Amino acid sequence: MKIDLTGKNAVVCGSTQGIGRAIAIEFAKCGANVVLVARNEASLRKVLRELPASKTQNHNFIVADFSEPEELRRKMQNFASETKPVHVLLNNTGGPKGGEIYKAETGEFEQAFRNHLICNQIMVQALVEGMKRNEYGRIINIISTSVKQPIKNLGVSNTIRAAVANWAKTLSVELAPFGITVNNILPGATKTERLYSIFEARSKTSGRSIDEIKDEFLSEIPAGRFAEPEEPAYAAAFLASPLAGYINGINLPVDGGRLNCL
């Protein structure tokens, strides 16, 4: 079985670091034409140079800030009107800061809702008509295992991730007749800047060392290690491919067995 995305056009959000970057590289390895989306142009150019490319592949990037939804809407509408239809959309946005939910300001929920659900909606609305014309579409959302089991001290993130999961499930039913699937990947603790920022924040609020926090996380993972960013990327490549055409509306954990539920 070979995952082949040759000739497929893929948009990958949050693609300058961590899981998003790993997915962009994996899509390119599988033959896709990749469009990177993030807010830092210098970082986008750096990742663009890292993408594998054959003579037939053409990679590009869009500078867009997900804290500015209307700017994103304008740029994506322009992109959709000027280029070939997109086959694969990978929604991925950095999570909100940690903390107990009862201490969170209402503005934190509003900002997270915009950055995640509203911007995902904007991306879909800009690109879904092209998917319909192709009779092929893959919308993949990078969320969190908190969709199934809330994570301590990530109250705002737990709330917003669940909203995105239910949005995606609803979308999967509506778009299935057009050959479009919508699925969520739920990464567990993965070696990214986000994970280490969580360690640091918890260390500061609890007075414990970063090593103690790290060991606490590891104790909850049956695999006994953190994921490499490439591991959720492999799952994304499969879901993006024709091989996954009958998989729709699911939450796929990539967590080393951390979740205590099916």
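Placed above this text is the structure.
All of these numbers come straight from a predicted model, not from anything done at the bench.

Focus: the overall build of the chain
So, step 1. The helix and strand inventory of the chain stands at eight helices and seven strands.
So, step 2. Referenced to the eigenvectors of the C-alpha coordinate spread, the extents of the chain come out at roughly 55 × 40 × 40 Å.
So, step 3. A burial count over the chain gives 48% of its 262 residues as buried.
So, step 4. Taking the contacts inside the chain whose residues are at least 6 apart along the sequence as the reference set, 74% of them involve residues at least 24 apart.
So, step 5. Of the roughly 12900 Å² of accessible surface on the chain, 51% is carried by carbon and sulfur atoms.

Focus: unusual backbone geometry
So, step 1. You will see that Glu-135, though not glycine, has its phi angle at about 55°, which is positive.
So, step 2. The residue Glu-135 is located in the loop between helix H4 (106-134) and strand E5 (137-142) in this model.
So, step 3. Look at Glu-135 and you get exposed, because its relative accessible area is 63%.
So, step 4. For Asn-153, which is not glycine, the phi dihedral falls at a positive 65°.
So, step 5. Along the polypeptide, Asn-153 turns up in the loop between E5 and helix H5 (155-175).
So, step 6. According to the relative accessible area criterion, Asn-153 is partly exposed, its value standing at 36%.

Focus on the packing of helix H6 (residues 193-206) against helix H7 (residues 210-219)
So, step 1. Relative orientation of the contacting elements H6 and H7 amounts to 120°, with a least axis distance of 9 Å. In terms of axis orientation, H6 runs oblique to H7. Relative to H7, H6 is oriented so that their crossing is right-handed. In this structure, H6 uses Leu-195, Ile-198, Phe-199, Glu-200, Arg-202, Ser-203 and Ser-206 to contact H7, whose residues at the interface are Ile-210, Ile-213, Lys-214 and Phe-217.
So, step 2. Of the residues that constitute the contact of H6 with H7, the class distribution is six nonpolar, two polar and three charged.

Criteria and cut-off values
- Every chain is numbered independently, its residues counted from 1 as its sequence is written.
- Totals for whole chains, interfaces and linings use all residues, but because this is a predicted model, local features are given only for residues with pLDDT of at least 70 and pairs of side-chain atoms are given and counted only at 80 or more.
- The basis for every side-chain value is the complete set of heavy atoms in the structure, and neither hydrogens nor water enter the calculation.
- Runs of H or I in DSSP of at least four residues are treated as helices and runs of E of at least two as strands, each being numbered from the N terminus.
- Buried means the residue's accessible area, taken with a 1.4 Å probe over protein chains only, is under 20% of the maximum for its type, while exposed means over 50%, and partly exposed covers the values in between.
- Residue contacts are defined here by distance: any two heavy atoms, one from each residue, within 4.5 Å place the two residues in contact.
- For accessible areas, the Shrake-Rupley method is used with a probe of radius 1.4 Å. Any residue's cover is judged against the shown protein chains and nothing else.
- Lines fitted to C-alpha atoms define the axes here, with helix axes fitted over just the stretch in contact, and angles between the N-to-C directions of these axes take values from 0 to 180 degrees.
- Orientation is classified from the angle alone, with under 35 degrees giving roughly parallel, over 145 giving roughly antiparallel, 65 to 115 giving roughly perpendicular, and any other angle giving oblique.
- Two helices cross in a left-handed way if the nearer one is turned anticlockwise from the farther one by less than a right angle. They cross in a right-handed way if the turn is clockwise.
- Polar here means any residue other than Ala, Val, Leu, Ile, Met, Phe, Trp, Tyr, Cys and Pro, which are nonpolar, and Asp, Glu, Lys and Arg, which are charged; Gly is therefore polar.

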